[in-house]
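Letter by letter, the chains look like this.
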Amino acid sequence: MPVTPPTPSLKRLPPGTWVVLAWCGGMALTFLLRLQLPGEWHPAMRPAAQFFRWDGLVDMAVATALVLVCGALLRRRPLPALVLVLAASVFGTLPLGVAEIPLPQFLAAEVAVFFIAAERPRGTGVVAVVMALATLGAHLAVRLMCGWPIGVSSETAVALATVIAWLLGNSVRESREHAEQLRARAATQAVSDERLRIARELHDMVAHSIGVIALQAGAARRVIDTQPERARDALGEIETAGRQTLSGLRRMLGGLRGPGQGRPASPGLLGTASLETAPLEPGAGLAGVDRLAATTTQAGVRVDVRRLGEPRPLPPEIDVSAYRIIQEAVTNVVRHAGTASCRVWIDYRDDEVRIEVLDDGRGGDSGEGYGLIGMRERVGVLHGTFAAGPRPEGGFRVEARLPVPAGVR
């Protein structure tokens, strides 16, 4: 149950807010450059005649309003929002009396291009950067047709900054897609590894059952003439063991047939350990939970085991899987929960065995680590149900319901 660190507040700001902040910063810089600041003999840039007039202020107010609308639309309709911020850059340039669209007036558009390239498909990002560059080129073309001077060098620098913004956004999108692909492959590999472990355990259970059948058959052969009652009992045990083994094989092989049928693997969170890869110790099953609890308590995390219902023998595949699920859930508590105790509930019901592991630690925010994928796979193979996630009152909860066949209830 990995713990996700809290996200800084600034990282939670939506893209539209960043565009508005960039516009406000650009406007503040525009005013500062046209004011005589302390220590300066004259302003860094001469203000145009209309800069402080009502018509110039109206142009800036209209441009700011367009940017605000862009900020509201950017996530839902990125390209129309970009059109608005590009129009705002033109309106914001009109009162300046300059020969190009300055960088402060185009900064918000560059931020919008970055987010569109980072969060939208490649084609949408390419359209966005072409629209931005076309706006810069159209502004110069209009000034040339009117016979006014143009600032080619300054405009080229603004265009280069726009291309860099698009490249950065495109790189962020590709990195995110690559990371998602890696998580998906890792999750698929986790499921495959878990299926191999289940198959190995299934082999051990079947080998044990065949060994019991062979011993009983040998005993029946030796006493069939002299002690027919004992031979009849041995044959009955052979029949029971054979039926149980065949039933378990059908259930587990039915679940293992085909990769993840009906149970898509979730990539989830990195850092959660998978189910233990070591071979099962002799007698591993729900009978070994108390020993697991004692070992974990000695390691520093107290495990309280509580049983409900009437404990009864279970099919080996259900018994072993139930133990493995408890083992992994307790292991996750020790590694990730940061708490001193946890509770394990084993509820023997008429038609199922219900397992629940609760803790009061830090928990996780999605419950989809690789260890949980393994637990989900085990439960799915046995046609049960699985749930894991944070508790409303704090901590983490893992629950598994494993159906018990009617013949062995």
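Structure: above.
Conventions we followed
- Residues numbered from 1 in each chain as written.
- Predicted model: local features only at pLDDT ≥ 70, side-chain atom pairs only at ≥ 80, totals over all residues.
- Heavy atoms only, no water.
- Helix = DSSP H or I, 4+ residues; strand = E, 2+ residues; numbered from the N terminus.
- Buried < 20%, exposed > 50% of the residue type's maximum accessible area, 1.4 Å probe, protein only.
- Contact = heavy atoms within 4.5 Å.
- Areas by Shrake-Rupley, 256 points an atom, 1.4 Å probe, with all protein chains shown as cover.
- Phe/Tyr/Trp six-rings, centres within 6.5 Å; stacked < 30°, edge-to-face > 60°.
- Pairing = 2+ DSSP bridges.
- Axes fitted to C-alpha atoms, helices over the stretch in contact; angles between N-to-C directions.
- Salt bridge = Lys/Arg side-chain N within 4 Å of Asp/Glu carboxyl O.
- Core = buried A, V, L, I, M, F, W, Y, C linked by side-chain atoms within 4.5 Å.
- Expected span 1.5 Å × (residues − 1).
- Arc of directions from axis to C-beta.
- Parallel < 35°, antiparallel > 145°, perpendicular 65-115°, else oblique.

**Student:** Please provide a residue-by-residue account of the overall build of the chain, values included.
**Tutor:** Of regular secondary structure, the chain possesses ten helices and five strands. Split into buried and exposed, the 409 residues of the chain put 43% on the buried side. The long-range share in the chain, meaning contacts at least 24 apart out of those at least 6 apart in sequence, stands at 74%. About 21,000 Å² of surface is accessible on the chain, with carbon and sulfur atoms providing 62% of the total.

**Student:** Can you break down the packing of aromatic side chains residue by residue, with the values?
**Tutor:** Enumeration according to the criterion identifies one aromatic pair in this entry. A ring pair is formed by Phe 114 and Phe 115, whose centres lie 5.2 Å apart and whose planes are at 75 degrees; its orientation type is edge-to-face. Residue class for Phe 114 comes out partly exposed when judged on its relative accessible area of 25%. What makes Phe 115 buried here is its relative accessible area of 16%.

**Student:** Hey, could you go over the sheet that holds strand β5 (residues 396-403) for me, with residue numbers and the actual values?
**Tutor:** Taken in spatial order, the five strands line up as β1-β2-β3-β5-β4 in an open sheet, and their pairing is mixed. Of all the strands in the sheet, the pair left with one neighbour each is β1 (302-308) and β4 (385-390). Averaged over neighbouring strand pairs, the angle between their axes works out to 10 degrees when direction is ignored. When β1 meets strand β2 (residues 341-348), the two strands line up parallel, connected through seven bridges. Across the sheet, residue Val 305 finds its bridge partner in β2, namely Val 344. Where helix α8 (residues 289-298) meets the sheet, it contacts β1 and β2, and its direction lies at approximately 160 degrees from that of β1.

**Student:** Provide a residue-level description of the pairing of β5, including the pertinent values.
**Tutor:** Each regular strand carries side chains that alternate between the two faces of the sheet. Of the strand pairs in this sheet, strand β3 (residues 352-359) and β5 are connected by eight bridges, and their pairing is antiparallel. What sits directly across from Ile 355, in β5, is Ala 400. Taken together, the six bridges between β4 and β5 define a ladder with antiparallel strand orientation. In the strand pairing of β5, Thr 385 is matched with Arg 401. Here β4 hands over to β5 after five residues, with Gly 394 in that stretch at a positive phi of 110 degrees.

**Student:** Run through the environment of Ala 48, naming residues and quoting values.
**Tutor:** Note on placement: Ala 48 falls in the loop between α1 (15-33) and α2 (54-73). Between the C-alpha atoms of Ala 48 and Leu 96, which are 48 residues apart in sequence, the distance is 5.5 Å. Setting aside its immediate chain neighbours within four residues, Ala 48 contacts Pro 95, Leu 96 and Gly 97.

**Student:** Tell me about unusual backbone geometry, and please be specific about residues and values.
**Tutor:** Backbone phi values are negative for most residues with the exception of glycine, while trans is the configuration of most peptide bonds. Positive phi is not limited to glycine here, since His 383 has a value of about 60 degrees. Note on placement: His 383 falls in the loop between α10 (370-381) and β4.

**Student:** Can you tell me about the pattern of salt bridges, naming the residues and giving the values?
**Tutor:** Evaluated as defined, the whole model comprises 16 salt bridges. Between Asp 290 and Arg 307 there is a salt bridge, and its shortest N-O distance comes to 3.3 Å. Linking Asp 290 in helix α8 with Arg 307 in strand β1, this pair joins segments that are 17 residues apart in sequence. One salt-bridge network, held together by shared partners, links Asp 347, Arg 349, Glu 352, Arg 354, Glu 356, Arg 397, Glu 399 and Arg 401.

**Student:** Break down the environment of Pro 403 for me, citing the residues and quoting the values.
**Tutor:** By secondary structure assignment, the location of Pro 403 is in strand β5. Overall, Pro 403 belongs to the partly exposed group, its relative accessible area being 31%. The spatial distance from the C-alpha of Pro 403 to the C-alpha of Val 353 is 6.4 Å, given a sequence separation of 50 residues. Filtering out sequence-adjacent residues up to four positions away, Pro 403 remains in contact with Ile 318, Asp 351, Glu 352, Leu 382, His 383 and Gly 384.

**Student:** Could you give an account of the nonpolar core, with specific residues and numbers?
**Tutor:** One finds Val 19, Trp 23, Val 67, Leu 82, Val 85 and Phe 106 to be the most contacted residues of the largest nonpolar core, which totals 36 residues. The set of elements that each furnish at least two residues to this core consists of α1, α2, α3 (78-93), α4 (103-119), α5 (122-145) and α6 (152-223). The element that contributes the greatest number of residues to this core is α4, accounting for nine residues. Beyond its immediate sequence surroundings of up to four residues, Val 19 is in contact with Val 67, Cys 70, Leu 74, Val 85, Ala 108, Val 111 and Ala 112.

**Student:** Describe α3, naming the residues involved and giving the relevant values.
**Tutor:** Look at α3: 23 Å from first C-alpha to last across 16 residues, which is about the 22 Å you get at 1.5 Å a residue. Among the residues of α3, those classed as buried are Pro 78, Ala 81, Leu 82, Val 85, Leu 86, Ala 88, Ser 89, Gly 92 and Thr 93. Along α3, the residues classed as buried sweep out an arc of 155 degrees about the axis, all on the same side. Looking at the buried residues of α3, the elements they touch are α1, α2, α4 and α5.

**Student:** Got a sec to walk through the packing of α1 against α2? Specific residues and values, please.
**Tutor:** Each packed pair of helices is defined by two parameters, the angle between the axes and the distance between the axes. Two elements in contact, α1 and α2, have axes separated by 8 Å at closest approach and are oriented at 160 degrees. Between α1 and α2, the crossing angle belongs to the class labelled roughly antiparallel. Residues Gly 16, Val 19, Val 20, Trp 23, Met 27 and Phe 31 of α1 lie in contact with α2, whose contacting residues are Met 60, Ala 63, Thr 64, Val 67, Leu 68, Cys 70 and Gly 71.

**Student:** Describe the environment of Ala 231, and please don't skip the residues or the numbers.
**Tutor:** Along the chain, the position of Ala 231 falls in helix α7 (residues 228-256). Residue classification places Ala 231 among the buried positions, given a relative accessible area of 3%. Linking Ala 231 and Ala 220, residues eleven residues apart in sequence, is a C-alpha distance of 4.3 Å. Not counting residues up to four positions away in its chain, the partners in contact with Ala 231 are Ala 220, Val 223 and Ile 224.

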